[in-house]
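Listed below are the residues making up each chain.
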Amino acid sequence: MSEKESAPGALALIEALVNTLDIETGADMLETADGRATFGLTEPEVPDARVLREALRTACLAHAGHHPPDDAEFPLDRLLAEAPLRVTVDAAGAAALRPVTEPAGLTARVAAAIATAAAEGTWARLKACEAEDCRWAYYDRSPAGRRRWCSMSVCGARAKMRTYRAKRG
């Protein structure tokens, strides 16, 4: 749904994974062979990928100011703790966090992407749309970092119209 370009760098993986589910229609790209191939997933890995996807969506909602209730489970930390990662240093002395195994599993790639984005200061700008029938992930490029919808022309316009109608009676 987003009218903007995709998230920068490693965050594009996370944005793409969160956006494999269209909440409004229920269409799930992970149900298709092409959708699974995008992430290097086999069919038996899909249930775990869905859990990871929804944990990432919850984090993106938190970045947008929608924090889960205090008693809600927040599995992203637990999921990422299971990701086998290592620190590498190249000949120029640049350090990076990399998956231990190749090809890397989805959780390890996501964990490395989050670590990289956190170091770059971009992780908190990956958000989920405020619209309950959308929840699409988008990268907030606004100067103040206060964008609320993935698309102002669709989700933002709908929300503003609902507010307007509620005020008019």
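First things first, this report covers the structure right here in the doc.

Our next topic: the overall build of the protein chain. When helices and strands are counted, the protein chain shows 6 helices and 4 strands. When the helices and strands of the protein chain are read in sequence order from the N terminus, they spell out α-α-α-α-β-β-α-β-β-α. Taken across its 169 residues, the protein chain has 38% of its residues classed as buried. Summed over its atoms, the accessible surface of the protein chain is roughly 9,700 Å², and 54% of this surface lies on carbon and sulfur atoms.

Right, let's talk about the pairing of strand β2 (residues 95-99) for a bit. With 5 bridges joining them, strand β1 (residues 85-89) and β2 adopt antiparallel strand pairing. Considered in β2, the bridge of Thr88 is made with Ala96. Following β1, the chain reverses through 5 residues before pairing antiparallel with β2; Gly93 in that reversal takes a positive phi of roughly 90°.

Right, let's get into the nonpolar core. Nonpolar side chains in soluble globular proteins tend to end up buried together. With 33 residues, the main nonpolar core has Ile14, Leu56, Leu106, Val110 and Trp123 as its most contacted residues. When contributions to this core are tallied by element, the ones reaching two or more residues are α1 (11-18), α3 (46-63), α4 (76-81), α5 (106-120), β3 (126-128) and β4 (137-139). Among the elements that line this core, the one with the most residues is α3, at 8 residues. Apart from residues no more than four positions distant in its own chain, Val110 is found in contact with Leu13, Ile14, Leu17, Leu52, Leu56 and Leu80.

Another point: the side chain of Thr122. By secondary structure assignment, the location of Thr122 is in the loop between α5 and β3. The residues contacting Thr122, other than those within four sequence positions of it, are Leu11, Ala117 and Tyr139.

For the rest of this paragraph, the subject is the pattern of salt bridges. Enumeration according to the criterion identifies 8 salt bridges in this entry. Taking the shortest distance from any N to any O, the salt bridge between Arg50 and Asp28 comes out at 2.7 Å. With a gap of 22 residues between them, Arg50 in helix α3 and Asp28 in the loop between α1 and α2 (33-38) connect regions that are remote in the sequence. Given a relative accessible area of 26%, Arg50 falls into the partly exposed group. One salt bridge in this structure joins Asp140 and Lys127, with 2.7 Å as the shortest N-O distance. Here Asp140 is found in the loop between β4 and α6 (152-168), whereas its partner Lys127 is found in strand β3, with 13 residues between them in sequence. Looking at Asp140, the relative accessible area reads 0%, which means it is buried.

Cut-offs used in this document
- Counting of residues starts from 1 at the beginning of each chain's written sequence and follows it residue by residue.
- Local features in this predicted model are restricted to residues whose pLDDT is 70 or higher, and side-chain atom pairs enter the listing and the counts only when it is 80 or higher, whereas totals over whole chains, interfaces and linings include all residues.
- Side-chain measures were taken over the full set of non-hydrogen atoms in the model, leaving aside hydrogen atoms and water.
- The helix count covers DSSP runs of H or I at least four residues long, the strand count covers runs of E at least two residues long, and both are numbered beginning at the N terminus.
- Throughout this description, buried means an accessible area under 20% of the type-specific maximum (1.4 Å probe, protein chains only), exposed means over 50%, and partly exposed covers the range between.
- Computed by Shrake-Rupley with a 1.4 Å probe, the accessible areas treat only the displayed protein chains as cover when residues are assessed.
- Any two strands are treated as partners once DSSP identifies two or more bridges connecting them.
- Among the buried residues, those of types Ala, Val, Leu, Ile, Met, Phe, Trp, Tyr and Cys that are joined through side-chain atoms within 4.5 Å form a nonpolar core.
- It only takes one pair of heavy atoms within 4.5 Å for two residues to be counted as in contact.
- One speaks of a salt bridge when a side-chain nitrogen belonging to Lys or Arg is within 4 Å of a carboxyl oxygen belonging to Asp or Glu.

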